[in-house]
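# Descriptive analysis of the structure
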Amino acid sequence: MQLIEAKGLARTFTTKHGEVHAVRGVDFTVADGEIVGFLGPNGAGKTTTMRMLTTLLAPTSGSATVTGFDLRARAAEIRARIGFVSQNGGANPGYDVTTELVLQARLYGLSPAAAAGAADEVCDFLQLGDLRDRIIGTLSGGQRRRLDIALGLVHKPRLIFLDEPSAGLDPAGRNHLWSYIRRLRDDLGTTVFLSTHYLDEADALCDRVLILDQGKIIAEDSPEALKRRVSGDAVTVEIDGDLGPALERLKAQPFVRDLVEEERRLRFRTDVGERAIMATVRALDQSGADVTAIHVDRPTLDDVFLTLTGAGDGAVNA
Ligand SMILES: Nc1ncnc2c1ncn2[C@@H]1O[C@H](COP(=O)(O)OP(=O)(O)OP(=O)(O)O)[C@@H](O)[C@H]1O
């Protein structure tokens, strides 16, 4: 079963400076049991799409079903079946952890006894047991994110939306959180739809990734397949003086792909950057270029976008 089915979903905001087309008609599905990531830069429309799918914001056009119910006609049914963890969380910093979880469960209509049971269960699952009596305002960033997820889970939704779940966490905290997110699906069978800026996060967690750019989905694939599209390292060579001879010389090298000319530097893609360095230096030496620096970068999210959106303006042999 598809838990999300979006068709031409769009949202335009009218501001005093004009219209902002935040989401320009997205079509996608999320199947029961999947972990799907929405990957995109700031302002791509990730949060706006999530807010529409969680019934918090009306679409300007298009339609969607979530957990099998129509977004416009059956919002209450959808809300009862989903969890939403927003970027800022919604917990009251003055309450203790248990009180907040029980209150949240009561909001979903659970009896006091059932709410207390649900709070216990979710605390056990997310290993919040030792923090049950702690005042929320005193939790660390990682603990707070775990509580935010617990609040989104307390009514046992089939589908949970996580908006940039690891924003603001250090690397250890992110790794920790990722293991909890995997368990949501693996142990509880919860379908997860998350948004992120980070390719490594999508890679670590997602079965499938939708890449959003300027309100449109520009690619949809498994993380592996996406990485294959941008396989290889980026090599940057900085040159003093005329770039022309160096450009011609590099173009002729078999290991050079997607050669791009920028101000005072040449960039290209190659399978293994470290291996290409010696050959690059030799080739440039023969061209008489005055090389001032050369460095290698692993593919980043920027590279994914550059590749998917057409390798930028300066590509000379793409
Ligand atoms: N209430 C609003 N009024 C006007 N413009 C808005 C509103 N909400 C969002 N936008 C604009 O819509 C666009 C998409 O924003 P959105 O928050 O969905 O992006 P995002 O991909 O979640 O970004 P981020 O990664 O920064 O959270 C942006 O240009 C944003 O400024």
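Our structure is the block above this text.
Residues numbered from 1 in each chain as written. Predicted model: local features only at pLDDT ≥ 70, side-chain atom pairs only at ≥ 80, totals over all residues. Heavy atoms only, no water.

So, about the site of the ligand. Within the structure, the ligand sits among 15 residues, and Asn-42, Gly-43, Thr-47, Thr-48 and His-197 are positioned closest to it. At 3.0 Å, a backbone N or O of Ala-44 approaches an oxygen atom of the ligand. Surface burial for the ligand is 65%, taken as the share of its 640 Å² of free accessible area covered by protein chains. Secondary-structure elements contributing two or more residues to the shell around the ligand are strand S1 (2–15), strand S2 (18–31) and helix H1 (46–53). (Near = heavy atom within 4 Å. Polar contact = N/O pair within 3.5 Å; in protein donor to acceptor, adjacent residues only side chain to side chain. Areas by Shrake-Rupley, 256 points an atom, 1.4 Å probe, with all protein chains shown as cover. Helix = DSSP H or I, 4+ residues; strand = E, 2+ residues; numbered from the N terminus.)

Turning our attention to the pattern of salt bridges. Applying the stated criterion to the full structure yields 20 salt bridges. The salt bridge partner of Arg-158 is Asp-32, with a shortest N-O separation of 3.1 Å. Of this pair, Arg-158 sits in the loop between helix H5 (141–153) and strand S7 (159–163) while Asp-32 sits in the loop between S2 and strand S3 (35–39), and the two are 126 residues apart along the sequence. The exposure class of Asp-32 is partly exposed, given its relative accessible area of 37%. Across the salt bridge formed by Arg-257 and Asp-271, the nearest N and O atoms sit 2.9 Å from each other. (Salt bridge = Lys/Arg side-chain N within 4 Å of Asp/Glu carboxyl O. Buried < 20%, exposed > 50% of the residue type's maximum accessible area, 1.4 Å probe, protein only.)

So, about the side chain of Thr-67. Within the secondary structure layout, Thr-67 lies in the loop between strand S4 (61–66) and strand S5 (69–70). Exposure remark for Thr-67: the relative accessible area of 4% places this residue in the buried category. Beyond its immediate stretch of four places on either side in the chain, Thr-67 contacts Met-1, Leu-3, Ile-78, Arg-81, Ile-82 and Leu-159. (Contact = heavy atoms within 4.5 Å.)

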